[in-house]
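Below are the chains, spelled out letter by letter.
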Amino acid sequence: MEQIRAIWRYGIKVGIIGGIVLILTALIGMIEVFTQRQIIADVVSMGHALYLAAGLFICYLAAERTTPAKPLWIISNSMFAGLTTAFFLVLLIILGRHVNLRLMFINASDLLLNNLLTFGVQGNDGLRLLLIAGMGVGLFTGLFYLLPKFLRTVILWSLAGSAFAGVLQELIRPILANNFPDVISEWLLTSDGLTLKGALSIFIFIALIVISWSIKGGGIRQGWQGLPKKQQSTWRTIGTIILLAVILIAPWRLGLFMSEVMTIVGLYVLLGLGLNIVVGYAGLLDLGYVAFFAIGAYVTALITSPEIMNLNWSFWSAIPFAIFFGILAGVLLGVPVLKMRGDYLAIATMGFGEIIRLLVLSDALRPFLGGSQGIGQIAKPQVLGFVFKGPQEIYYLIVAGCMLVIFVSWRLKDSRIGRAWKAMREDEDVAQAMGINLVSNKLLAFGTGAGFAALSGVIFGSKIGSIYPHSFNIMVSINIVCLIIFGGIGSIPGVIVGAAALIGLPELLREFAEYRFLVYGIALVVMMLIRPEGLWPEEAHKRELHEDKTNEATG
Amino acid sequence: MALLEVKNINVYYGKIHALKDLSLNVDKGEIVTLIGANGAGKSTTLKTLSGILKPRSGSVQLEGDELTRYPAHQIVTRGMIHVPEGRRIFGRLTVQENLEMGAFTVKNEQLNRTNLTKVFDIFPRLKERRKQLGGTLSGGEQQMLAMGRAMMSNPKVLFLDEPSMGLAPVLVDSIFENVRQMHASGMTILLVEQNARIALQVASRGYVLQTGSIALADTAANLQTNEMVRKVYMGEA
């Protein structure tokens, strides 16, 4: 008996944690909001998918940790986890019947408690169904865990793929509508979700890909490595050209909404690459980075707008001025914080970011900077009569900006300056002892990063046409730091991937808007636990975090 | 004239007078050691020479060039390199990259290659572990790396701060063997050590530092037989 309890203890423990997490998720309104989006039309909503996925994950944890790992124990443990989780939700529902939870938790609506959580069945039948569902999820997970690893991988990928397709309908819909015959679109999608047959076909399609990759994948990789260097580089060039072509025609094939999302992501890529130089290359944690973005945007506004200074210069003439003032501000900020390190530097720079925002907001400077009213009528870029009006045109400007900045970052990385930054990042004192000039290299890092941010600010200002101080609050800085960490500190492709994941996805999923920072927080914590080097890490960083493995390989 | 000539330097930490009228000199091709107890000012001396601390008065001259007017990073270019206490290698960079960082101020690729061969001759272990991360080396190997990295800057004088610190006795002997080899390859070394016995074995001359000023200056052989040195720094009755 003792032994049995010891075995089930873990399942129950995980179930308790899972129950609490699900209660919180429900009470902050996430499930209810997400229910509004259908993944498979009229079958599974995103809320329910989230709810089930959490249950599956909890049971999986329980199954994984079962010792001894015998089938019966695994299944029972996983069922216990499911049951415990469901039990907590039942408690919540019963509590909700007797106490008015909405006094404290405004999201604890009747709809949530007596309908959504119980899969639409009301009354005590719903509670029973919930408990049975909990056990059912546990049973399913336990059985799933007992499958051979290969099958598990296939099923997980296919499930994740179909869920992803459902969640990202907004992305898929215009691609299908603009590029493929209507038949496919009708087969896969209804007006508000995937069709059941569509979801099934996606599931099977991905399963086939995963299976064939696992059979042929190794061979393909070997074949690639077997190719002579010259052929490899030819193929790479072809790949790059195709990628470029896709990037160039993308806005016209994807439509207005996606173009808008891509321009936002692009702006953050620009900002991220700039901050990546400061944080990733030189190791200086700058939390006031938005200040330089603001300076770029405000300089553009002052120079091109008929309001305030009434200069009415063109967009292009604003670029050098904005970048100049951005770099100047970067260097000026750099001087007082030269001796600061780590946390102190972060706080000092954060203060600087707020100072700039409060200056443009202040009434005293209103005649010069517009105050809370902001500055409007910022010029759009023009070339020989062609005006970059909408997101589809501005997109090209941003792509050009990104390419320039990627090129500069890439060249800097392995340059002499890049090496000096790397030494500084690792150990300032020793870097100095190696003959590296800390003052000039730090100022150079701040200046370069600030210049990139100012460039981004120019495009941003011109894109939205009128700017207000509240666009430049501290959350912008935090977002950029997050996306750099998420993508992989110091890595150029990492910034792009990070921006797409942390900025692009929430734009596509408007339901997330309210929970954006909650999701960021969870994503970052999970990331730090399972892949601390980021999605697409820089080489040195990956090595450090997987030291043991590399050593086995080399020594 | 001596290669490195230090005259009457006075260094303060706030109000504390850390080095009092300290003078010493190092000739080309010598190993000179500076021995002394904890807090006598050994590391302070090296930090002052390498420009991290600025003396309030006095002069530091390398081949007649006054160094106190240069910032720390330029002193490296002029030919003095500091192997800091506690090794301080770049843990996240490979051995090779560490050595390359050492050569940051040397723009002559030919010279870099000669220096690298020299380093690998003295420390064959570093060659074996070229691709390994600095942080994964053992203490002794890290010390080797720190010394090799310093040699890569092609210095005229190399400052060694407590190379024996935190190493097992067996390793201490082998590190000092390396110091001898570095010397044999033509390096001029100013060695700071608490372990007076072994320091005096490799050095040709020595200075005894007590509370910020030189108490004794003599040849290593004479210091080894000096009553006071034997008693205070070698722990003999």
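Residues numbered from 1 in each chain as written. Chains lettered and ligands numbered in written order. Predicted model: local features only at pLDDT ≥ 70, side-chain atom pairs only at ≥ 80, totals over all residues. Heavy atoms only, no water.

Novice: Could you give an account of the environment of Val192 of chain B, naming the residues involved and the relevant values?
Specialist: Residue and element names in this part refer to chain B. In this structure, Val192 sits in strand β8 (residues 188–193). Considered as a pair, Val192 and Ile35 are 157 residues apart in the sequence and their alpha carbons are 6.0 Å apart. When near neighbours in sequence (up to four residues on either side) are disregarded, Val192 contacts Leu34, Lys42, Leu46, Leu160, Asp161, Glu162 and Pro163. (Helix = DSSP H or I, 4+ residues; strand = E, 2+ residues; numbered from the N terminus. Contact = heavy atoms within 4.5 Å.)

Novice: Describe the sheet that holds strand β6 (residues 80–83) of chain B, naming the residues involved and giving the relevant values.
Specialist: All names here are of chain B. Pairing is mixed across the open sheet formed by six strands, whose spatial order is β6-β7-β8-β3-β9-β10. Each of the sheet's edge strands pairs with one partner strand only, and the pair in question is β6 and β10 (213–219). Each strand axis lies, on average, 20° off the axis of its neighbour in the sheet, ignoring direction. By the bridge criterion, five bridges tie strand β3 (residues 31–36) to strand β9 (residues 205–210) in an arrangement that is parallel. Counted as the bridge partner of Leu34 is Tyr207 from β9. This element, helix α6 (residues 139–151), spans β6 and β7 (157–161) of the sheet and lies at about 170° to β6. (Pairing = 2+ DSSP bridges. Axes fitted to C-alpha atoms, helices over the stretch in contact; angles between N-to-C directions.)

Novice: Tell me about a nonpolar patch on the surface, and name the residues and values.
Specialist: Residues and elements named next belong to chain A. A contiguous nonpolar surface patch, about 810 Å² in accessible area, is contributed by Ile308, Met309, Leu311, Trp313, Phe321, Phe324, Phe325, Leu328 and Leu332. Here Leu328 lies in helix α13 (residues 315–334). In this structure Leu328 comes out as partly exposed when scored by relative accessible area, which is 37%. (Patch = residues over 30% accessible without salt bridge, like charges linked within 9 Å, V, L, I, M, F, W, Y side chains within 5 Å. Areas by Shrake-Rupley, 256 points an atom, 1.4 Å probe, with all protein chains shown as cover. Salt bridge = Lys/Arg side-chain N within 4 Å of Asp/Glu carboxyl O. Buried < 20%, exposed > 50% of the residue type's maximum accessible area, 1.4 Å probe, protein only.)

Novice: Describe the packing of helix α1 (residues 2–27) of chain A against helix α4 (residues 71–98) of chain A, and please don't skip the residues or the numbers.
Specialist: Each packed pair of helices is defined by two parameters, the angle between the axes and the distance between the axes. At a closest axis distance of 7 Å, the pairing of α1 of chain A and α4 of chain A adopts a crossing angle of 35°. Note on packing geometry: the crossing formed by α1 of chain A with α4 of chain A is right-handed. (Left-handed = near helix turned anticlockwise from the far one by under 90°.)

Novice: Could you give me a rundown of the packing of aromatic side chains, with the residues and numbers involved?
Specialist: Scanning the model with the defined rule gives 19 aromatic pairs over all chains in all. Ring centres of Phe292 of chain A and Phe352 of chain A lie 5.8 Å apart, and the angle between their planes is 35°; this geometry places the pair in the tilted category. Taken as a pair, Phe292 of chain A in helix α12 (residues 290–304) and Phe352 of chain A in helix α14 (residues 342–361) lie far apart in primary sequence, 60 residues in all. On the numbers, 5.3 Å between centres and 80° between planes, the contact of Phe386 of chain A with Phe388 of chain A is edge-to-face. For Phe386 of chain A, a relative accessible area of 45% puts it in the partly exposed group. Since its relative accessible area comes to 11%, Phe388 of chain A is described here as buried. One aromatic cluster is present, built from ring pairs that chain together Tyr60, Phe140, Phe144 and Tyr145 of chain A. Of note, Arg411 of chain A hangs over the ring of Trp410 of chain A, and the distance from its end group to the ring centre comes to 6.0 Å. Across from the ring centre of Tyr70 of chain B, 3.6 Å away, lies the NZ or CZ of Arg78 of chain B, which sits over that ring. (Phe/Tyr/Trp six-rings, centres within 6.5 Å; stacked < 30°, edge-to-face > 60°. Lys NZ or Arg CZ within 6 Å of the ring centre and 35° of its normal.)

Novice: Describe α1 of chain A, naming the residues involved and giving the relevant values.
Specialist: Residues and elements named next belong to chain A. In this model, α1 (26 residues) spans 37 Å end to end at C-alpha, consistent with the 38 Å of a helix rising 1.5 Å per residue. At Trp8, α1 shows its largest kink, close to 35°. What α1 keeps buried is the set Ile7, Gly11, Val14, Gly15, Gly18, Gly19, Leu22, Ile23, Thr25, Ala26 and Leu27. On its buried side, α1 packs onto α2 (30–35), α3 (46–64), α4 and α5 (110–116). The first or second residue beyond α1 is Gly29, which carries a positive phi of 90°. (Expected span 1.5 Å × (residues − 1). Bend = angle between axes of the 7 residues up to and from the residue.)

Novice: Hey, could you go over the pattern of salt bridges for me, with residue numbers and the actual values?
Specialist: By the definition in use, this model includes 20 salt bridges over all chains. Residue Asp125 of chain A is joined to Arg128 of chain A by a salt bridge in which the shortest nitrogen-to-oxygen separation is 3.0 Å. A residue pair is termed a helical-turn pair when its members lie 3 or 4 positions apart in one helix, as Asp125 of chain A and Arg128 of chain A do in helix α6 (residues 123–146) at three residues. According to the relative accessible area criterion, Asp125 of chain A is partly exposed, its value standing at 46%. Glu30 of chain B is the salt-bridge partner of Arg205 of chain B, the closest N and O atoms lying 2.6 Å from each other. A residue pair is termed long-range when its members are at least 10 positions apart, and Arg205 of chain B in strand β9 and Glu30 of chain B in the loop between β2 (16–26) and β3 qualify at 175 residues.

Novice: Tell me about the domain arrangement of chain A, and name the residues and values.
Specialist: All names here are of chain A. According to the domain assignment, chain A consists of domain 1 (1–146), domain 2 (153–214) and domain 3 (259–473). Tallying the contact residues gives eight residues for domain 1 and 14 residues for domain 2. Here domain 1 meets domain 2 over a buried area of about 880 Å², counting both sides, of which 67% is carbon and sulfur. In this assembly, domain 1 and domain 2 are joined by zero salt bridges. (Domains from an automatic or database assignment. Buried area = accessible area lost by both parts, 1.4 Å probe.)

Novice: Now, about the interface of chain B and chain A: what can you tell me, with residues and values included?
Specialist: Taken together, the contacts link 21 residues of chain B with 23 residues of chain A. Summing both partners gives a buried area of about 2400 Å² for chain B against chain A, and 59% of it is carried by carbon and sulfur. Taken as a group, His73, Arg92 and Phe104 of chain B account for 33% of the area that chain B buries against chain A, more than any other trio of residues on that side. Here Arg88 of chain B ties to Asp429 of chain A by a salt bridge, and the two come within 2.8 Å at their closest N and O atoms. Linking chain B to chain A there are six residue pairs in polar contact (both at pLDDT 80 or more). At the level of secondary structure, the elements contributing two or more residues to the side of chain B that touches chain A comprise α2 (72–77), β6 and α3 (95–102) of chain B. (Polar contact = N/O pair within 3.5 Å; in protein donor to acceptor, adjacent residues only side chain to side chain.)

Novice: An account of the confidence of the model for chain A is needed here, citing residue identities and associated values.
Specialist: Chain-level pLDDT for chain A is 87 on average; 97% of the residues reach the 70-or-more range. Low pLDDT, under 50, characterises residues 549–555 of chain A; the stretch is placed with three contacts to residues that sit more than four places away or in other chains. (pLDDT = per-residue confidence, 0-100.)

Novice: Account for the packing of α1 of chain A against α3 of chain A, naming residues and giving values.
Specialist: All names here are of chain A. The geometry of α1 relative to α3 is characterised by a closest axis approach of 9 Å and an angle of 160° between their N-to-C directions. The pairing of α1 with α3 is recorded here as roughly antiparallel in orientation. By crossing handedness, the relation of α1 to α3 is classed as right-handed. Touching Tyr10, Gly11, Val14, Gly15, Gly18, Leu22 and Thr25 of α1 are Leu50, Tyr51, Ala54, Ile58, Leu61 and Ala62, all from α3. Tallied by class, residues from the contact of α1 with α3 come to nine nonpolar, four polar and no charged. (Parallel < 35°, antiparallel > 145°, perpendicular 65-115°, else oblique. Nonpolar A, V, L, I, M, F, W, Y, C, P; charged D, E, K, R; others polar.)

Novice: Tell me about unusual backbone geometry, and name the residues and values.
Specialist: Generally, phi is negative for residues other than glycine and the peptide bonds are trans, each holding for most cases. All names here are of chain B. Phi angles above zero are rare outside glycine, and Asn154 is one such case at about 55°. Tracing the backbone shows Asn154 in the loop between α6 and β7. Given a relative accessible area of 34%, Asn154 falls into the partly exposed group. With phi around 50°, Glu162 is a residue other than glycine that occupies positive phi space. With respect to the secondary-structure elements, Glu162 resides in the loop between β7 and α7 (169–184).

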